[in-house]
Amino acid sequence: MSDNQNLLAEQRRALILDEVRRRGGVRVNELTRRLNVSDMTVRRDLDALARQGFVAKVHGGAVPVVEPSTHEPGFEAKSSLEPTAKEDIARAAAAMAVPGSAIALSGGTTTYALAHQLLDVPDLTVVTNSVRVADVFHTAQRPGSSGGPRPGAATVVLTGGVRTPSDSLVGPVADQAIASLHFDVLFLGVHGISVEAGLSTPNLAEAETNRRLVHSARRVVVVADHTKWGTVGLSSFARLEDVDTLVTDGGLSAETRAEMSEHTPGLLIAGEDDTV
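Residues numbered from 1 in each chain as written. Predicted model: local features only at pLDDT ≥ 70, side-chain atom pairs only at ≥ 80, totals over all residues. Heavy atoms only, no water.

> Outline the overall build of the protein chain, listing residues and values.
Per the secondary structure count, the protein chain includes 10 helices and 15 strands. A burial count over the protein chain gives 50% of its 276 residues as buried. Sequence separation of 24 or more characterises 64% of the internal contacts of the protein chain that already satisfy a separation of 6 or more. Accessible area for the protein chain stands at about 12,800 Å²; split by element, carbon and sulfur atoms hold 50% of it. (Helix = DSSP H or I, 4+ residues; strand = E, 2+ residues; numbered from the N terminus. Buried < 20%, exposed > 50% of the residue type's maximum accessible area, 1.4 Å probe, protein only. Contact = heavy atoms within 4.5 Å. Areas by Shrake-Rupley, 256 points an atom, 1.4 Å probe, with all protein chains shown as cover.)

> Explain the pairing of strand β9 (residues 183–188) to me, using residue names and the numbers behind them.
Here β9 lies mainly inside the structure; five of its six residues are buried. In this structure, strand β4 (residues 102–105) lies alongside β9, joined through three bridges in parallel fashion. Residue Ala 104 lies in a different strand from β9, and its bridge partner there is Leu 186. When β9 meets strand β12 (residues 217–223), the two strands line up parallel, connected through five bridges. For Phe 187, the partnering residue across the bridge sits in β12 and is Val 221. (Pairing = 2+ DSSP bridges.)

> Any chance you could break down the nonpolar core for me, citing the residues and the numbers?
In this structure, Ile 103, Leu 105, Leu 114, Leu 118, Phe 137, Phe 187 and Val 247 are the most contacted members of the largest nonpolar core, which totals 29 residues. Every element with two or more residues in this core is listed here: α5 (83–94), β4, α6 (109–117), α7 (131–140), β9 and β12. Residue contributions to this core peak at five residues, all from α5. In contact with Val 247, other than residues within four places in its own chain, are Ile 89, Ala 92, Ala 93, Met 96, Val 221, Val 222, Val 223, Ala 224 and Leu 268. Among the nonpolar cores identified, the runner-up in size contains 27 residues, and Ile 193, Leu 199, Val 222 and Ala 224 belong to it. (Core = buried A, V, L, I, M, F, W, Y, C linked by side-chain atoms within 4.5 Å.)

> Go over the sheet that holds strand β13 (residues 235–238), please, and point to the residues and values.
Here we have three strands laid out as an open sheet, ordered β10-β11-β13, and antiparallel in their pairing. Each having just a single partner strand, β10 (192–194) and β13 make up the two edges of the open sheet. Strand-to-strand twist in this sheet, taken as the mean axis angle between neighbours without regard to direction, amounts to 40°. By the bridge criterion, three bridges tie β10 to strand β11 (residues 198–201) in an arrangement that is antiparallel. (Axes fitted to C-alpha atoms, helices over the stretch in contact; angles between N-to-C directions.)

> Explain the side chain of Asp 249 to me, and be specific about the residues and the numbers.
Here Asp 249 is to be found in the loop between β14 (245–248) and α10 (254–261). A distance of 2.7 Å separates the side chain of Asp 249 from the backbone nitrogen of His 226, its partner in a polar contact. Ignoring any residue separated from it by four or fewer positions in sequence, one finds Asp 249 in contact with Ala 85, Ile 89, Asp 225, His 226, Ile 269 and Ala 270. (Polar contact = N/O pair within 3.5 Å; in protein donor to acceptor, adjacent residues only side chain to side chain.)

> Please give an account of the environment of Phe 54 that cites residues and values.
When you line up the elements, Phe 54 lands in the loop between α3 (39–51) and β2 (55–58). Along the backbone, Phe 54 and Thr 227 are 173 residues apart, and their C-alpha atoms lie at a distance of 9.1 Å.

> Which residues make up the sheet that holds β14, and what are the values?
Ordered in space as β6-β5-β4-β9-β12-β14-β15, the seven strands form an open sheet in which the pairing is parallel. Two strands in the sheet have a free side with no partner beyond their single neighbour: β6 (155–158) and β15 (266–269). Taken pair by pair, the neighbouring strands of this sheet meet at an average axis angle of 20°, ignoring direction. Those strands touched by α5 are β9, β12, β14 and β15, and its axis lies near 140° from that of β14. The strands that α7 touches are β4, β5 (125–128) and β6; relative to β6, the one it contacts most, it runs at about 155°.

> Give me the pattern of salt bridges: which residues, what numbers.
The tally for this structure, following the rule as stated, stands at 12 salt bridges. Here Asp 47 ties to Lys 57 by a salt bridge, and the two come within 2.4 Å at their closest N and O atoms. You can see Asp 47 sitting in helix α3 and its partner Lys 57 sitting in strand β2, a full 10 residues away along the chain. Here Asp 47 falls in the partly exposed class, since its relative accessible area comes to 29%. On the accessibility criterion, Lys 57 (45% relative accessible area) is partly exposed. Between Asp 184 and Arg 218 there is a salt bridge whose closest N-O contact spans 3.0 Å. (Salt bridge = Lys/Arg side-chain N within 4 Å of Asp/Glu carboxyl O.)

> Give a description of the environment of Arg 212 that names residues and reports values.
With respect to the helices and strands, Arg 212 occurs in helix α9 (residues 204–215). Taking the relative accessible area as the measure of exposure, Arg 212 reaches 30% and is therefore partly exposed. Arg 212 sits 38 residues away from Ala 174 along the chain, and the two C-alpha atoms are 9.1 Å apart. Each residue touching Arg 212, except ones within four places of it in the same chain, is listed here: Asp 175, Gln 176, Ile 178 and Ala 179.

Dropping the structure here:
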């Protein structure tokens, strides 16, 4: 983490947050040496991270904020977190969608960003349990010259079910609908990722619905920014080995990238050229 004096504030704070989560806490004087920036710069960064709810400031440094494993933020709350990273991830993931294929999008703010990027991919069949994702495609289906949907517009299958705080539809109705379908690629948003817990969510019903999504997909692509690493929800629904590709952002540390690549064959860092 040395020689980082020219990093943008967002990049520097991502490095600090990763260090806090990896080590369980940091001291200001350690960060000034590692990042080669002033004491005041580090304190401003910690203030910003504390306002976002990512760290708790303590005397001389900061520690991670540990949320209960059952805590489930609403869609609007999650939308304000890491917006630049989510847009980068969405653009990178959209390039993996093949015209004319059947894809699935789970609920979440990153898959919502991805839905906007997929509007120009022709003739998709989109299966989703996200009210927000379905609405993106519905709004974009402006009538063509014949008065029907515009040529190449996606066909959207909304599963039905019980609505969660993140505007996903889950439960027996959603599970039954998904179990009867088969799609080429699943683009999956997640609450948390870790080596021990795999992919997890605080919502038990959503965990079961996500299991059905994973089971029905020929290929599983997880779209998640670096802050999801190390977060563990109440219920695990897939192993890292079940993931074919993780699309994430440059905030993921080198150590975490190496750890992830030991379990998942594909690691795509949005904005970088290399795929592990």
